2 protein chains.
Amino acid sequence: MVTIKEIADRLGVSVSTVSKGLNGASDISEDLRQLVLDTAVEMGYRSKKFKKGEHKKLCLFVENMDYETPNQFGYDIILGFRQSAFRDNWSVNVIPVTPAFQRDEKYDTYMLKNGYSGGFLVGFALHDEWMQQLIYTSIPTVLFDNYIRRNPHVCYVGTDNFEGIETAVDHLYQLGHKKIAFLNGSLYSMVTEQRYQAYLDAMNAHNLPIEDGMIAHGYYVADSAKYHVPNFLAAGATAIICGNDLIASGVITECQLRGLRIPQDISVVGFDDLPISTFLDPPLTTVRQERTELGKCGYAALNSLIHHVSVSKTLLRPQLITRDSTAPIAAPIKTSNAADSFSDTQL
Amino acid sequence: MVTIKEIADRLGVSVSTVSKGLNGASDISEDLRQLVLDTAVEMGYRSKKFKKGEHKKLCLFVENMDYETPNQFGYDIILGFRQSAFRDNWSVNVIPVTPAFQRDEKYDTYMLKNGYSGGFLVGFALHDEWMQQLIYTSIPTVLFDNYIRRNPHVCYVGTDNFEGIETAVDHLYQLGHKKIAFLNGSLYSMVTEQRYQAYLDAMNAHNLPIEDGMIAHGYYVADSAKYHVPNFLAAGATAIICGNDLIASGVITECQLRGLRIPQDISVVGFDDLPISTFLDPPLTTVRQERTELGKCGYAALNSLIHHVSVSKTLLRPQLITRDSTAPIAAPIKTSNAADSFSDTQL
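Keep in mind that this is a model prediction, so the values were computed, not measured. (Residues numbered from 1 in each chain as written. Chains lettered and ligands numbered in written order. Predicted model: local features only at pLDDT ≥ 70, side-chain atom pairs only at ≥ 80, totals over all residues. Heavy atoms only, no water.)

Peer 1: Before we move on, can you summarise the sheet that holds strand 4 (residues 141-144) of chain B with the specific residues and values?
Peer 2: Taken together, 12 strands build an open sheet; the order of strands is 2(A)-1(A)-3(A)-4(A)-5(A)-11(A)-11(B)-5(B)-4(B)-3(B)-1(B)-2(B) and the sheet is mixed. A strand with exactly one partner marks an edge of an open sheet, and here the two such strands are strand 2 (91-96) of chain A together with strand 2 (91-96) of chain B. Pairs of neighbouring strands in the sheet enclose a mean axial angle of 15 degrees, with direction left out of account. Judged from the six bridges that link them, strand 1 (residues 57-62) of chain A and strand 3 (residues 116-122) of chain A form a sheet pairing that is parallel. Opposite Cys59(A), over in strand 3 of chain A, you have Gly119(A) as the bridge partner. Contacting strand 1, strand 3, strand 4 (141-144), strand 5 (154-159) and strand 11 (311-316) of chain A, helix 13 (residues 291-306) of chain A runs over the sheet at an angle of about 165 degrees to strand 5 of chain A. (Pairing = 2+ DSSP bridges. Helix = DSSP H or I, 4+ residues; strand = E, 2+ residues; numbered from the N terminus. Axes fitted to C-alpha atoms, helices over the stretch in contact; angles between N-to-C directions. Contact = heavy atoms within 4.5 Å.)

Peer 1: Kindly report on the interface of chain A and chain B, identifying the contributing residues and their values.
Peer 2: The interface is formed by 32 residues belonging to chain A together with 33 residues belonging to chain B. In total, chain A and chain B occlude about 2,700 Å² of area from one another, counting both sides; carbon and sulfur atoms represent 49% of this. When the buried area of chain A at its contact with chain B is split by residue, Leu35(A), Arg150(A) and Arg317(A) rank highest and sum to 26% of it. At the junction of chain A with chain B, the criterion picks out six salt bridges. The salt bridge partner of Arg149(B) is Glu166(A), with a shortest N-O separation of 2.3 Å. Counting only elements with at least two residues in the side of chain A that touches chain B, the list comes to helix 1 (4-11), helix 3 (30-42), helix 8 (161-174) and strand 11 of chain A. Considering each element in turn, the side of chain A that touches chain B owes the most residues, six residues, to strand 11 of chain A. In the side of chain A that touches chain B, the residues fall into 12 nonpolar, seven polar and 13 charged. Of the strand pairs in this sheet, strand 11 of chain A and strand 11 (residues 311-316) of chain B are connected by five bridges, and their pairing is antiparallel. (Buried area = accessible area lost by both parts, 1.4 Å probe. Salt bridge = Lys/Arg side-chain N within 4 Å of Asp/Glu carboxyl O. Nonpolar A, V, L, I, M, F, W, Y, C, P; charged D, E, K, R; others polar.)

Peer 1: Tell me about the packing of aromatic side chains, and name the residues and values.
Peer 2: Residue and element names in this part refer to chain B. Taken as a whole and assessed by the stated rule, the structure comprises 28 aromatic pairs over all chains. Summarising the aromatic geometry, the rings of Phe61 and Tyr107 are spaced 6.0 Å apart at their centres and angled 65 degrees between planes, so their arrangement reads as edge-to-face. With Phe61 in strand 1 (residues 57-62) and Tyr107 in helix 7 (residues 107-113), the pair connects residues that are 46 residues apart, well separated along the chain. Take Phe61: its relative accessible area is 0%, and that puts it in the buried class. Judged by relative accessible area, which is 0%, Tyr107 ranks as buried. (Phe/Tyr/Trp six-rings, centres within 6.5 Å; stacked < 30°, edge-to-face > 60°. Buried < 20%, exposed > 50% of the residue type's maximum accessible area, 1.4 Å probe, protein only.)

Okay, structure coming up:
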């Protein structure tokens, strides 16, 4: 049981100052009073007014994102969030959620009944049930890679996808590539939409041709490649930008299965800079997201919201990491022959 | 010269507590120490250790923005920045700069020769010399209300102007206004451009008419109003959104000089929520920018850049503060008569 004396000792003030703070006396400053209250709550002080008493808790919800091992996308985001939260004495529960879970549990109700002061949501899609509820939530909430308009209790944290894709297109353009295909990730994702628009913008900025056969949406997994790479090759692509590194790994495999060399015949660019990027053959040129920092920014934003500072958006810069999967465009390659031989495998 | 005793009195704590806070003693809480530091900065306390010179330093450059008294726009931004920087033992020099200064001194050179670890720039225009140099700077630099693409050493901090103007238009629309004029601030400003686009977007979203005679660019001063209000009235405006509160104060005066009542005949909305907003007659409905928080976010971003975390953009939510300068649209007012009588005063 925490006593007033202990709070006073912790703050380095007198017992009477703490008592004034707890009882709303007017002869100490509002700031100090707030500090006394904050500290009392934080120390688990219990009075008639402070029955809450439980440890302060944040909840990190994960949907549709791998995070359990260091080679997975969500791992470092969660690590960074936890590290920063720990410094401020928050405990963090990580809870995987499904669409069914979201239908069964209302977000605000779930947060309140479990005593969470704020939430960090990663991996959610635009059509998820909770995304609709967040338009009106009053719970401090930070979304990784999703944005809610006008709600002062919700903040968006992410990497600038526009600059990310732009740097990838610029890099390939400088290497002489003109026919640049784009194998994007899943539909119904804000990130996917931003990267798609960024691709169009960057291609237009260089007056490069944008063709239907050079753009496809798959999923954020390697398996997406086999359905779309044949079309890209048939359309004459000399370079393929991928929605993430997993897709890129699949693209490399598909190209190599068809006897094409990376990067001599086809350049490939990923997105994220997962650990896998360095182990691919060849090592992957990719757009790096600083995932640990994203997690830390997520906590910083949530902490701001909890303290009634309405941060709306925090973006990190992407960084192009140039490895061996991209190279200057070769003398004309036999794209038309290559395409012919694949035509019967196209979907 | 502010004394430790004065800081202690204001906070309602002992002199020894303040002394401990200023000197980093370990027997008071971190939170209380930070409160002592914040208050010391706010009161203008100068520590002896900061006077010695050999200290880590940041520079805050101000161009074309008033900041010397609490009723001016830059005051709280600078205060918030100083408060946050002081907690981390940075000293901050505030340096007003002119276009001539920027031509004479290269930004990077100036920063290096003066030993600054980072810069926070407020009030700069798009055509300023330093804005060009910042495209390539390697000095950690945060811009209030300006954005530099692709440079990982530069971050943009500001309020979301799109949401700000959108909330103003929505508010007037809900009050029944359809002919909403927009008196924007100075050209050659990113903020001005964003607010202009936001006005167009929001008007289009409500299918409201956008007419040339209903949009004007002036300067961020009250005097702008007299050149443009007559045109707006001639065009039949029933509401006027202003680029900032100073413009709005001028708009109110101009309308009242012409015998129009605010808000019965014309509604007026400002931007910023400067202290003046509450003292106007009538008190001004306006879009609030949290200026102290903007300064604190500016420091947080600069601190991130200095530690090699490439924050690209941090935005705060604006908040519409509804006071007495806006009201439901009245029965048809005699705008055409009013316009006729002003026509010879138009520029």
